[in-house]
Amino acid sequence: MKLHINGESVEVPNSVDSVTELLTHFQLQDKVVIVELNKHILEKENHALTTVTDGDRIEIVHFVGGG
Amino acid sequence: MSDRYSRQTLFAPIGEKGQELISQKHVLLIGAGALGTGNAEALVRAGIGKLTIVDRDYVEWSNLQRQQLYHEADATNRMPKAIAAEKRLKEINSEVDVVAHVMDVTTEEIELLVEGVDLILDATDNFDTRLLVNDISQKHQIPWIYGACVGSYGLSYTIFPGKTPCLNCLLETVPLGGATCDTVGIISPAVQMVVAYQVTEALKILVEDDEALRNKLVSFDLWKNQHTAINVSKAKKESCKSCGSEPTYPYLSAGSHTKTAVLCGRDTVQIRPPEPKEINLEQLAETLQNQGGKVDQNPFLVNFSINDEHRMVIFQDGRVLVHGTKDIAEAKSLYHRYLG
């Protein structure tokens, strides 16, 4: 399936079903992240239940500590 | 009349009026590493009234690739970053009141540091200090600007008490470990990009142009050519302990008892004495010399190489960095063996 992630078109395996799985796919599962799906911010507790579908526009920001 | 700020006052959103405001403002900058030196240089060149710069570390060779205020002699002489930064900043603009503190910032210190401050800039490398900054910002209603970077990635967010969500709202939990500059590296443009976001938002706040603020959490990856900005205003939580309706400022009380800290990715443990004290560095150097090992010093610290693996740096305020270990117990035992 094709997703628009951080402004870029990205091909993701169809097995990726939820936002949680998407984060795992990008190896962000251990990071603190903010996810916006089609212009709506998701609550962190809803990541597992929120499904992603072809054509979704997703923004992912993860927090880092360096400076 | 000096035309030092002419190109900045020609810029309409600042103008002469904005310049006057900038010259009256006091910014507290926590951290004098990559982001800290970038932010400091820009604000001092811009003619900020007063800049207080605080850092607990000293300059090393691995800093020179991106920490723009430092040069080789600072690394050779192990100059405390705050001192080296102050010296360079005063050369850049002698009109600015630059105040430097070689200091580890915890609750006690930050309460004193924020007095009379208009804006706090985050240039730290850890979330413990950031959450401390976040709480003090809410308690005293002082805006602060989060910035962080690693690799070719970076992000920034401006926290305005009463208007935006705070860092505690956005994080919910404290991020643990993860990638740091010491484990996956960093390229200087990632630093400069975050600095650009931070300084621009800082200038807007200093000239009181709140309308112009970005209001978005911005992130980028320069190597992957990605750029994102998210409106996070809905993430503000009424129940937040830092900025909600019944704040308790949890990080202002939590951090105060921490006397040891493992410096992220540095293979270093910091130990603070129970009470700050003034160390006679000359005397200490002599004592350590008599115990074997290699000792050298500058007016701010003593460097003591115990063996090939371990090295201790003792600052004037009694703080010690034990290099070569991540183990707090081992660091403490070395500390007590040599320093009593």
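Quick caveat, the model's predicted, so the values are computed rather than measured. (Residues numbered from 1 in each chain as written. Chains lettered and ligands numbered in written order. Predicted model: local features only at pLDDT ≥ 70, side-chain atom pairs only at ≥ 80, totals over all residues. Heavy atoms only, no water.)

1. Things to note about the overall build of chain A
Note the threshold: Helix and strand assignments follow DSSP, with helices taken as H or I runs no shorter than four residues and strands as E runs no shorter than two, numbered in order from the N terminus. To get the radius of gyration, use the C-alpha atoms; to get the globule rule, take the number of residues to the power 0.38 and multiply by 2.2 Å. Only heavy atoms matter for contacts: two residues are in contact if any of them lie within 4.5 Å across the pair. Computed by Shrake-Rupley with a 1.4 Å probe, the accessible areas treat only the displayed protein chains as cover when residues are assessed.
Secondary structure summary: chain A contains one helix and five strands in total. Secondary structure elements of chain A, listed N to C terminal, follow the sequence β-β-α-β-β-β. Whereas a compact globule of 67 residues would reach a radius of gyration of roughly 11 Å, chain A reaches 11 Å, a difference of no more than 12%. Each of the three principal axes of chain A carries a C-alpha extent, and together these read 35 × 25 × 20 Å. Long-range contacts, defined here as pairs at least 24 residues apart, represent 52% of the contacts in chain A between residues at least 6 apart. Accessible surface for chain A amounts to roughly 3500 Å². Of this, 47% is attributable to carbon and sulfur atoms.

2. Remarks on the sheet that holds strand E8 (residues 226–230) of chain B
Residue and element names in this part refer to chain B. For clarity, the cut-off: For two strands to count as paired, DSSP must find a minimum of two bridges between them. Between N-to-C directions, angles cover 0 to 180 degrees, with each direction set by a line fitted to C-alpha atoms, over the stretch in contact for helices.
Pairing is mixed across the open sheet formed by eight strands, whose spatial order is E3-E2-E1-E4-E5-E6-E7-E8. Lying at the two open borders of the sheet, with one neighbouring strand each, are strand E3 (97–102) and E8. Each strand of the sheet is rotated relative to its neighbour by a mean of 15 degrees, with strand direction disregarded. Pairing of strand E1 (residues 26–30) with strand E4 (residues 119–122) involves four bridges; the strand directions are parallel. Bridge pairing links Val-27 to Leu-119 in E4. Strand contacts of helix H7 (residues 127–140): E1, E4, strand E5 (144–150) and strand E6 (153–159), with the helix running at about 165 degrees to E5, the strand carrying the most contacts. The strands that helix H10 (residues 188–206) touches are E1, E4, E5, E6, strand E7 (217–221) and E8; relative to E5, the one it contacts most, it runs at about 175 degrees.

3. Section: helix H2 (residues 15–23) of chain B
All names here are of chain B. In plain terms, the rule: Burial classes: relative accessible area under 20% of the type maximum marks a residue as buried, over 50% as exposed, and values in between as partly exposed (1.4 Å probe, protein chains only). Here the arc refers to the directions that run from the helix axis out to each C-beta atom.
For H2, the set of buried residues is Gly-15, Gly-18, Gln-19, Leu-21 and Ile-22. With its buried residues spanning 160 degrees around the axis, H2 presents them on a single face. Facing away from the buried side of H2, by more than 90 degrees, are the exposed residues Glu-16 and Lys-17. Lining the buried residues of H2 we find helix H1 (6–9), helix H3 (34–46) and H10.

4. Remarks on the domain arrangement of chain B
In many analyses, interface size is given as the accessible surface area lost on bringing the parts together. Residue and element names in this part refer to chain B. Just so we agree on the cut-off: Each domain's extent is set by a domain assignment, obtained either automatically or from a database. As a working definition, buried area equals the accessible area (1.4 Å probe) given up by two parts on being put together, with both sides summed. Between Lys or Arg on one side and Asp or Glu on the other, a salt bridge is scored when a side-chain nitrogen of the former is within 4 Å of a carboxyl oxygen of the latter. Between N or O atoms, a polar contact is any pair within 3.5 Å; within protein, one atom must be a potential hydrogen donor and the other a potential acceptor, and residues adjacent in sequence are included only when both atoms are from side chains. Residue classes follow a fixed rule: Ala, Val, Leu, Ile, Met, Phe, Trp, Tyr, Cys and Pro count as nonpolar, while Asp, Glu, Lys and Arg count as charged, and any other residue, Gly among them, counts as polar.
Under the domain assignment, chain B is made up of domain 1 (6–255) and domain 2 (259–339). For domain 1 and domain 2, the distance between their C-alpha centres works out to 28 Å. Together, the buried faces of domain 1 and domain 2 total about 1500 Å²; carbon and sulfur atoms form 49% of this surface. Looking at the side of domain 1 facing domain 2, the largest losses of area belong to Arg-56, Tyr-58 and Arg-78, adding up to 37% of the total buried there. Summed over the shared surface of domain 1 and domain 2, the result is three salt bridges. A salt bridge links Arg-78 to Asp-296; the nearest nitrogen and oxygen atoms lie 3.1 Å apart. Linking domain 1 with domain 2 are nine residue pairs in polar contact (both at pLDDT 80 or more), by the criterion used here. Per-class residue counts for the side of domain 1 that touches domain 2 are six nonpolar, three polar and eight charged.

5. Here's the deal with the nonpolar core
Residue and element names in this part refer to chain B. Stated formally: Residues belong to a common nonpolar core when they are buried Ala, Val, Leu, Ile, Met, Phe, Trp, Tyr or Cys residues joined through side-chain atoms within 4.5 Å.
Judged by nonpolar contacts, the single largest core of 49 residues is most densely connected at Leu-43, Leu-51, Ile-53 and Leu-89. Those residues in contact with Ile-53 that sit more than four places away from it in its chain are Leu-29, Ala-32, Ala-40, Ala-82, Ala-85, Leu-89, Val-98, Val-99, Ala-100 and His-101. If you look at the next biggest cluster of nonpolar residues, it comprises 41 residues, including Ile-136, Ile-142, Leu-170 and Ala-235.

6. Here's the deal with a negative patch on the surface
All names here are of chain B. What counts here: What goes into a patch is any residue over 30% in relative accessible area without a salt bridge, connected to like charges within 9 Å or, for nonpolar side chains (Val, Leu, Ile, Met, Phe, Trp, Tyr), within 5 Å. In summary, the charge assignment counts Lys and Arg as positive and Asp and Glu as negative, without counting His or the chain termini. Charge positions are represented by NZ for Lys, CZ for Arg, CG for Asp and CD for Glu.
Side chains of Asp-308, Glu-309, Asp-327 and Glu-330 sit close together on the surface and give a patch of like negative charge. Tracing the backbone through its elements, the reader meets Glu-330 in helix H13 (residues 328–339). For Glu-330, a relative accessible area of 31% corresponds to the partly exposed category.

7. Let's talk about the interface of chain B and chain A
With 34 residues of chain B in contact, the opposing surface of chain A contributes 17 residues. Interface area, chain B with chain A, both sides summed: about 2100 Å², of which 61% is carbon and sulfur. At the junction of chain B and chain A, the tally comes to zero salt bridges. Taken together, the connections running from chain B to chain A amount to nine residue pairs in polar contact (both at pLDDT 80 or more). Listed by contribution, the elements that provide at least two residues to the side of chain B that touches chain A are H3, H7, E5, E6, helix H8 (167–171), E7 and E8 of chain B. Considering every element that reaches the side of chain B that touches chain A, the biggest residue donor is E5 of chain B, with five residues.

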